[in-house]
Amino acid sequence: MADISIATPSITVALRPLGASIASILVRDKDGVERDVVLGFPTEAAQRDSPTHPYVGTVGRVANRIANARFSLNETTYELIANNGPNCLHGGVNGFDSKVWTVESKTASQVVFSLESEDGEEGFPVAVKSTVTYTVEDSSVKINYSVTPIQEEGDSRLTVVNLTTHSYFNLSGFEKGSMLEHVASFPSALGHLETTDTQIPTGKLIETGAAPEMDFTTAPKTFGQDLQLVQEFRGYDHFYVVKPFSKQAEKDVRLAAVVHSVETGIVMEMLTDAVGFQLYTGNWLDGAIPLKTDGSRSYEAYSGFCLEASAPPDAINSTDASVRDTVTVGKGKDWNQVTVYRFGVKE
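The rules behind the values
- Residues numbered from 1 in each chain as written.
- Predicted model: local features only at pLDDT ≥ 70, side-chain atom pairs only at ≥ 80, totals over all residues.
- Heavy atoms only, no water.
- Helix = DSSP H or I, 4+ residues; strand = E, 2+ residues; numbered from the N terminus.
- Rg over C-alpha atoms; globule rule 2.2 N^0.38 Å.
- Buried < 20%, exposed > 50% of the residue type's maximum accessible area, 1.4 Å probe, protein only.
- Contact = heavy atoms within 4.5 Å.
- Pairing = 2+ DSSP bridges.
- Axes fitted to C-alpha atoms, helices over the stretch in contact; angles between N-to-C directions.
- Salt bridge = Lys/Arg side-chain N within 4 Å of Asp/Glu carboxyl O.
- Lys, Arg positive; Asp, Glu negative; His and termini not counted.
- Core = buried A, V, L, I, M, F, W, Y, C linked by side-chain atoms within 4.5 Å.

(A) Representation of the overall build of the chain within the structure. Within the chain, the regular secondary structure consists of 2 helices and 30 strands. Taken against the 2.2 N^0.38 rule, which gives 20 Å for 347 residues, the C-alpha radius of gyration of the chain at 19 Å falls within 12% of a compact globule. Overall, the chain is about 60 × 45 × 40 Å in size when its C-alpha atoms are taken along their principal axes. Across the 347 residues of the chain, 56% fall into the buried class. Expressed as a percentage of contacts within the chain between residues at least 6 apart in sequence, the contacts between residues at least 24 apart total 66%.

Printed below as a string of structure tokens:
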């Protein structure tokens, strides 16, 4: 299926039904040159047939990790598929990013994708319908996520949901090879979650300033400045909290991250009503994604960064009810989230 373009005078976005993914975002740099700032496969066929799984679309039913590939809900323990060491990552082996989504509607500025997931798919209870709506406004891409349980009368079971967009960005252009010189700031970050060696949160928030190598809030810095100090996971792959979990029901949209390419002047701001986001610096990119314009080259580690607005990893297994509530839905209770990627130029 062909990619679908939506545009304003300032931005052009190509969307792909496979994974409800962003194929490209074209914005102009400080010299007026149009740049594609999204890494990704050149065609849907290349994305579908990739021998590895770099996650370039909408990931779910549950983004990020679920510890030991299991959780308990409805007085039942659900066993999932472990596809990331002992954990279930991004919804399992055939998560939402590997599905062809239905195009519900499209206009010059908006595309609505939908996908139904059966009860028991990848081990998760309750059938759900997910909708992802992309809208371009001025120089922004707004993403509205909505998940509705599909249940018959008398079915009171709960399920777990956590969608996010796993696009890789390089604000110097997709072909540049590294984004480690990008300057980043996380103005709203309260801190990041401490994790085990399998990247499962311990329940402890390491507050902003307590670990300087993790701190993008006190002062902006490049992704590469302290990279060698965070090599346990080959680089940044951590969840930053931007609002207290006890206030997750307050759906105010906050400025969570600002990233700037000094080379091109392009600035990307991420705003979201989620409780936080996963920063991932493409540590495990291994050449699986071919360069869009040159099939003989491919993306290597640190070619792009991800800002995955979502609920935290392993939220369903948290001992804190307010954390579990960020991912738990049932009949009459939908799951909704808004994320905005807003672009500009800094001279």
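(B) View of the sheet that holds strand β19 (residues 191-195). Ordered by their spatial adjacency, 5 strands build an open sheet running β20-β19-β22-β25-β28, and the pairing between neighbours is antiparallel. Sheet topology places β20 (201-207) and β28 (306-310) at the edges, where each strand pairs with a single neighbour. Geometrically, the sheet is characterised by an average inter-axis angle of 30° between neighbouring strands, direction not taken into account. Two elements, β19 and strand β22 (residues 237-241), share 2 bridges in a ladder whose sense is antiparallel. The partner of glycine 191 across the bridge, within β22, is valine 241.

(C) Examining the environment of proline 149 more closely. With respect to the helices and strands, the residue proline 149 is situated in strand β14 (residues 140-150). Each C-alpha atom, one on proline 149 and one on phenylalanine 216, is 37 Å from the other, the two residues being 67 residues apart in sequence. When residues no more than four places from it in sequence are discounted, the contact partners of proline 149 are Val126, Ala127, Val128, Val329, Gly330, Lys331, Lys333 and Asp334.

(D) Spotlight on the pattern of salt bridges. Overall, the coordinates contain 17 salt bridges when judged by the stated rule. The closest approach of N and O atoms between glutamate 153 and lysine 331, which form a salt bridge, is 3.5 Å. Taken together, the residues span a long stretch of sequence, with glutamate 153 in the loop between β14 and β15 (158-160) and lysine 331 in the loop between β29 (328-330) and β30 (335-345) at a distance of 178 residues. Take glutamate 153: its relative accessible area is 77%, and that puts it in the exposed class. A salt bridge links aspartate 226 to lysine 221, with the shortest nitrogen-to-oxygen separation between them at 2.6 Å. It is possible to trace a salt-bridge network through shared partners that takes in Asp119, Asp155 and Arg157.

(E) Local environment of the sheet that holds strand β4 (residues 34-36). Spatial strand order, β1-β2-β3-β4: 4 strands in an open sheet with antiparallel pairing. Each of the sheet's edge strands pairs with one partner strand only, and the pair in question is β1 (4-7) and β4. Between one strand and the next, the sheet's axes are offset by a mean angle of 20°, whatever the strand orientation. Judged from the 5 bridges that link them, strand β2 (residues 12-16) and strand β3 (residues 21-28) form a sheet pairing that is antiparallel. Within β3, the residue paired with alanine 14 across the bridge is serine 24.

(F) Summary view of unusual backbone geometry. A cis amide bond links glycine 60 with the next residue in sequence, arginine 61, at an omega value of 5°. Secondary-structure assignment places arginine 61 in the loop between β6 (58-59) and β7 (65-66). A positive phi angle is found at alanine 20, which is not glycine, with a value near 45°. Tracing the sequence through the fold places alanine 20 in the loop between β2 and β3.

(G) Summary view of the side chain of glutamate 44. Assignment of secondary structure puts glutamate 44 in helix α1 (residues 44-48). It is arginine 48 that comes nearest to the buried, bridge-free glutamate 44 among opposite-charge side chains, at 4.7 Å.

(H) Broad picture of the pairing of strand β8 (residues 70-73). In β8, alternate side chains face the same way, and those of Phe71 and Leu73 are buried while those of Arg70 and Ser72 on the opposite face are not. Relative to strand β9 (residues 76-79), β8 runs antiparallel, the two being bridged by 4 bridges. Of the residues in β9, the one forming a bridge with phenylalanine 71 is tyrosine 78. Following β8, the chain reverses through 2 residues before pairing antiparallel with β9; asparagine 74 in that reversal takes a positive phi of roughly 60°.

(I) Representation of the nonpolar core. In terms of nonpolar packing, the biggest core is built from 60 residues, with Ile25, Phe277 and Phe343 touching the most fellow members. Ignoring sequence-local partners within four residues, the contact set of phenylalanine 343 consists of Ile11, Ile25, Val27, Val37, Ser139, Val141, Phe169, Leu171, Ile266, Val267 and Met268. Grouped together as the second largest cluster of nonpolar side chains are 20 residues, Ile66, Leu73, Cys88 and Ala315 included.

All quantities given are derived from atomic positions and should not be read as evidence of function.
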